[in-house]
Amino acid sequence: MKKLSFLLIAFLSFAVLHAQQDKKAKQLLNEVSQKVQSYDNMLIEFSYILENPTENIKQETRGDVTLQDEKYRLNLMGTTRLFDGEKLYSIIPEDEEVNISDYDAKENNDITPSKMLTFYNEGYNYKWGKVNDVNGRKIQYIQLTPIDSDADIKEILLGIDKQTKHIYDLIQKQDNGTQVTIRVNSFKTNQPLSSKMFTFDEDKYQGYYINRLD
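Scope of this entry: the structure provided in the associated data block.

Scoring rules and cut-offs
- Residues numbered from 1 in each chain as written.
- Predicted model: local features only at pLDDT ≥ 70, side-chain atom pairs only at ≥ 80, totals over all residues.
- Heavy atoms only, no water.
- Helix = DSSP H or I, 4+ residues; strand = E, 2+ residues; numbered from the N terminus.
- Buried < 20%, exposed > 50% of the residue type's maximum accessible area, 1.4 Å probe, protein only.
- Contact = heavy atoms within 4.5 Å.
- Polar contact = N/O pair within 3.5 Å; in protein donor to acceptor, adjacent residues only side chain to side chain.
- Pairing = 2+ DSSP bridges.
- Axes fitted to C-alpha atoms, helices over the stretch in contact; angles between N-to-C directions.
- Salt bridge = Lys/Arg side-chain N within 4 Å of Asp/Glu carboxyl O.

Things to note about the environment of Asp161
Within the secondary structure layout, Asp161 lies in strand 9 (residues 153-161). The exposure class of Asp161 is buried, given its relative accessible area of 4%. As a C-alpha pair, Asp161 and Val131 span 30 residues in sequence and 9.7 Å in three-dimensional space. Residues in contact with Asp161, not counting those within four places in the same chain, are Arg137, Lys138, Ile139 and His166. One polar contact links the side chain of Asp161 to the main-chain amide nitrogen of Thr164, over a distance of 3.2 Å.

Okay, structure coming up:
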């Protein structure tokens, strides 16, 4: 769940790379970054697809994430992942368990949107890729390859709608043949949000095991 959340927020909050790379790719990524940062909040519904033909695996599930500044609420695979700006909460109804941990930017490599905005700043080369026509939408792909030749990730393809400058999908290909696709189904911005959207209310989880890791 930790790695999955990392990938999701990286995908949903992608920002510009600063290395000397493909100029066209950099310009498009700049436009995407500026668009994302102009919103007060984002509510995104997505599909998460895991495939490995060799292992005869194909799994698809749906999720949603709400983001505002540093805060977010992610719902996926029956688990809610909440970040209120200071603490991380993993709420697992199936196990009647809540894991709570502090976030330390210096020591923690885990998830906040601010870190996801710099996820690709180091360790990747990128270049202009192919264009796909998806139901009349022109989706421009940026190809990212890890500088580390021993990395598990073979490449990442980031699909961007050329008209809206919104991310359409992200495709991660791994050396073991596994492919993970995250595709946006609905993208809403500047929505009226509850004041408690990013607040953990322990009273709602009476009987749960509260595991405090701080």
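Thoughts on unusual backbone geometry
Here Asn56, not a glycine, exhibits a phi torsion of approximately 55°, which is positive. Within the secondary structure layout, Asn56 lies in the loop between strand 1 (42-52) and strand 2 (57-68). In this structure, Lys165 takes a positive phi of about 65° despite not being glycine. Relative to the helices and strands, Lys165 is located in the loop between strand 9 and strand 10 (167-174).

Considerations on the sheet that holds strand 9
Read from one edge to the other, the open sheet built from 12 strands follows the order 7-8-9-10-11-1-2-3-4-5-6-12, with strand pairing classed as mixed. Edge positions in the sheet fall to strand 7 (124-134) and strand 12 (209-212), since each has one partner strand and no second. Each neighbouring strand pair of the sheet contributes to a mean axis angle of 15°, computed without reference to strand direction. With five bridges joining them, strand 10 and strand 11 (residues 179-189) adopt antiparallel strand pairing. Along strand 11, the bridge assignment pairs Leu170 with Ile182. Across the sheet, helix 2 (residues 23-37) lies against strand 1, strand 7, strand 8 (137-146), strand 9 and strand 10, angled at about 75° from strand 7, the strand it touches most.

Quick look at the pairing of strand 5 (residues 87-92)
Taken across its six residues, strand 5 has five buried, putting it largely inside the fold. The hairpin formed by strand 4 (residues 79-83) and strand 5 contains three residues between the paired strands, and Gly85 there has a positive phi angle of roughly 105°. The sheet contact formed by strand 5 and strand 6 (residues 97-102) spans six bridges and is antiparallel. Its bridge partner being in strand 6, Ile91 is matched across the sheet by Val98.

Examining the pattern of salt bridges
Across all of its chains, the model carries seven salt bridges by this definition. The partner of Asp161 in a salt bridge is Arg137, and the shortest N-O contact between them spans 2.8 Å. Taken together, the residues Asp161 in strand 9 and Arg137 in strand 8 connect sequence positions 24 residues apart. Judged by its relative accessible area of 35%, Arg137 falls in the partly exposed class.

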